[in-house]
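Next come the chains, spelled out residue by residue.
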Amino acid sequence: MILVGGGARSGKSRYALELARARGKRLAFLATAEARDLEMEARVAKHRAERGAEFSTIEEPLEIADALRGCEADAVVVDCLTLWLSNLMLALGRDVDAETERLMETARASTAALILVTNEVGCGIVPETALGRDFRDRAGVLNQRVAAVADEVYWMVFGIATRVK
C-alpha cells in the first residue's frame, strides 16, 4: 500500500498514476468524486482523458472497501481519500471510523498495489465552521492511520515527490 499526499494541485494524482503504471498492466482507478455540476463534469472528463484507456475506472463515492474487494488489477489508484471522507461525513448515518477500519482491512488483504491519494488539509488556516474543523481533524486522523500501515508514503510539493516512508 502506498500513500501519496500533499496540497491541492501538488501533482498527487499524476504521481499516483505513474506509480501504478510501474506496477503492472492491469490498472484500475477508483474515483470517489461525483459530478454534480458542469464544472465537476468537465474535471472528471479531463482526468479520464489524462488516464487514458489503460485504466479501468470505478466510480464509487462511499463503498470503496467493497469496490476494492471486487477489483482484479495489478495496481489500483484510489483518488481521493479526503473526498471519500467528505462524502461519508455528509451521508447520514455513516460511521467514519468503522468505514476507515473496513478500508484498512481491505487494503491489507489486497493482492493489488493500492495507491491511495489524499489531501493534506492541516497546513492551512483553521476552518471557520464546526463542520470544517471536524473534517480537518478527521482527515488528519485518517491520513495518520493510513500512513502508519502503508509500505510507502510520499509527500508532493510543487509536483515533486518526497519519500517520507
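Anything mentioned here points back to the structure above.
These lines cover the structure that appears in this document, whether it is placed above or below. This structure is a prediction, so every number in the text was calculated from the model and none was measured.

Another aspect to go through is the nonpolar core. Of all hydrophobic cores here, the largest spans 28 residues; its most connected members are Val 76, Val 78, Leu 81 and Val 146. Residue assignment for this core shows that the elements contributing at least two residues are β2 (27–31), α3 (64–69), β4 (75–79), α4 (81–90), α5 (96–109), β5 (113–119) and α6 (130–149). By residue number, the principal contributor to this core is α4, which donates 5 residues. Filtering out sequence-adjacent residues up to four positions away, Val 146 remains in contact with Met 1, Leu 3, Leu 81, Met 104 and Leu 116. Residues Tyr 15, Ala 16, Ala 31 and Val 117 belong to the second largest nonpolar core, which totals 19 residues.

We now examine the pairing of β5. Counting buried positions over the 7 residues of β5 gives 7, a clear majority of the element. The side-chain alternation of β5 yields two buried faces, one formed by Ala 113, Ile 115, Val 117 and Asn 119 and the other by Leu 114, Leu 116 and Thr 118. Both strand β1 (residues 2–6) and β5 contribute to a ladder of 5 bridges, which runs parallel. Bridge pairing in β5 links Val 4 to Val 117. Of the pairings in the sheet, the one linking β4 to β5 comprises 5 bridges and is parallel in character. Its bridge partner lying in β5, Val 76 is registered against Leu 114.

For the largest pocket, the calculated volume is near 800 Å³. Of all the secondary structure elements, the ones that give two or more residues to the lining of the largest pocket are α1 (12–21), β2, α2 (38–51), β3 (55–59), α4 and β5. Element by element, the count of residues in the lining of the largest pocket is highest for α2, at 8 residues. Residues of the lining of the largest pocket, tallied by class, amount to 11 nonpolar, 7 polar and 10 charged.

We now examine the packing of α4 against α5. The geometry of a pair of packed helices is captured by two quantities: the angle between their axes and the separation between those axes. Here α4 crosses α5 at 140°, and the two axes come no closer than 10 Å. In this view, α4 runs oblique relative to α5, as classed from their interaxial angle. Like other packed secondary-structure pairs, α4 and α5 cross with a definite hand, here right-handed. Contact with α4, carried on its side by Leu 81, Trp 84, Leu 85, Leu 88 and Met 89, involves Val 96, Glu 99, Thr 100 and Leu 103 of α5 and no other residues of that element. Looking at side-chain class alone, the contact of α4 with α5 contains 7 nonpolar, 1 polar and 1 charged residues.

For Ile 64, the position within the fold is in helix α3. Taking the relative accessible area as the measure of exposure, Ile 64 reaches 1% and is therefore buried. For the pair Ile 64 and Glu 99, spaced 35 residues apart in sequence, the C-alpha separation works out to 9.0 Å. Once you skip the residues sitting within four places of it in the chain, Ile 64 turns out to touch Leu 30, Thr 32, Val 78, Leu 81, Trp 84 and Leu 103.

What counts as what
Residues numbered from 1 in each chain as written. Predicted model: local features only at pLDDT ≥ 70, side-chain atom pairs only at ≥ 80, totals over all residues. Heavy atoms only, no water. Core = buried A, V, L, I, M, F, W, Y, C linked by side-chain atoms within 4.5 Å. Buried < 20%, exposed > 50% of the residue type's maximum accessible area, 1.4 Å probe, protein only. Helix = DSSP H or I, 4+ residues; strand = E, 2+ residues; numbered from the N terminus. Contact = heavy atoms within 4.5 Å. Pairing = 2+ DSSP bridges. 1 Å grid on protein atoms, 1.4 Å probe; cavity = no way out; pocket = protein on both sides within 12 Å on 5 of 7 lines; lining within 4 Å. Points joined across faces, edges and corners; volume = space filled by probe spheres on them. Nonpolar A, V, L, I, M, F, W, Y, C, P; charged D, E, K, R; others polar. Axes fitted to C-alpha atoms, helices over the stretch in contact; angles between N-to-C directions. Parallel < 35°, antiparallel > 145°, perpendicular 65-115°, else oblique. Left-handed = near helix turned anticlockwise from the far one by under 90°.

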